[in-house]
Amino acid sequence: MACDLSALSNLDPTDPDATQRLLDQCTAALTDPSLWIWAIVFTVVCAAVGALIGKYKNAVARDALLGAALGPIGWLISLSLPVRKPAPMCPLCAKPVDAGDKHCRHCGAALSPSPVGGVSRSFREMR
Ligand SMILES: [Zn+2]
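Remember, predicted model here, so these are calculated numbers, not experimental data. (Residues numbered from 1 in each chain as written. Predicted model: local features only at pLDDT ≥ 70, side-chain atom pairs only at ≥ 80, totals over all residues. Heavy atoms only, no water.)

Undergrad: Before we go on, may I ask you to explain the state of the cysteines in this structure?
TA: In a disulfide, the sulfur atoms of two cysteines are held together by a covalent bond. Under the defined criterion, the tally for this structure stands at 1 disulfide. Between cysteine 3 and cysteine 26 runs a disulfide, and the two sulfur atoms are separated by 2.0 Å. Taking the sign of the torsion about the S-S bond as the criterion, the disulfide between cysteine 3 and cysteine 26, at about 105°, is right-handed. Note that cysteine 3 is positioned in the segment before α1 (5–9) and cysteine 26 in helix α2 (residues 16–30), a separation of 23 residues in sequence. Cysteine 26 sits in the partly exposed class, given a relative accessible area of 22%. (Disulfide = S-S within 2.5 Å. Helix = DSSP H or I, 4+ residues; strand = E, 2+ residues; numbered from the N terminus. Buried < 20%, exposed > 50% of the residue type's maximum accessible area, 1.4 Å probe, protein only.)

Undergrad: Please clarify how unusual backbone geometry should be interpreted in this entry.
TA: The phi dihedral of asparagine 58 is positive, around 60°, even though this residue is not glycine. Within the element layout of this structure, asparagine 58 appears in the loop between α3 (33–57) and α4 (60–70). Owing to a relative accessible area of 40%, asparagine 58 belongs among the partly exposed residues under this scheme. Even without glycine at this site, alanine 94 takes up a positive phi of about 60°. Within the secondary structure layout, alanine 94 lies in the loop between α5 (72–80) and α6 (121–126).

Here's what the structure looks like:
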C-alpha cells in the first residue's frame, strides 16, 4: 500500500490497523530525507534563477527572494516588474546619496541636481 489517494479511497473504514499503517507510510514519506534534499535543491535553484533575473533588473535580493518563495511563478513576477534605477552616487566619494540632496552626507561635496539619476554627469566629468 502506497501513500496516495487510491490507497485512501480503498481504505477499509472498519479496520483501524489498516488506517494506522497508511498513516505510518504517509508520515514516513513526509520525513524521508531525500524529499527534503530535493525541496532544498529546488529552492536554491529557484533562488539562483531569480537572482539572475534580478541582476538585469537591479534587484538581486528582491528577485532571489521571489524565486525562492514562489519558484517559477516568482520568476514571472520578477520578469514583469520594472527595472529598478540604481541609487545616485556621490561623484567624489562614490557613496550613495538621496536623489534630492544638495550636498553629499558622507564627504560634503556639492551635488548638482539632474532630471535623470539625481546627480549630473557634467559634475562627474569635472573631477
Ligand atoms: Zn561624497
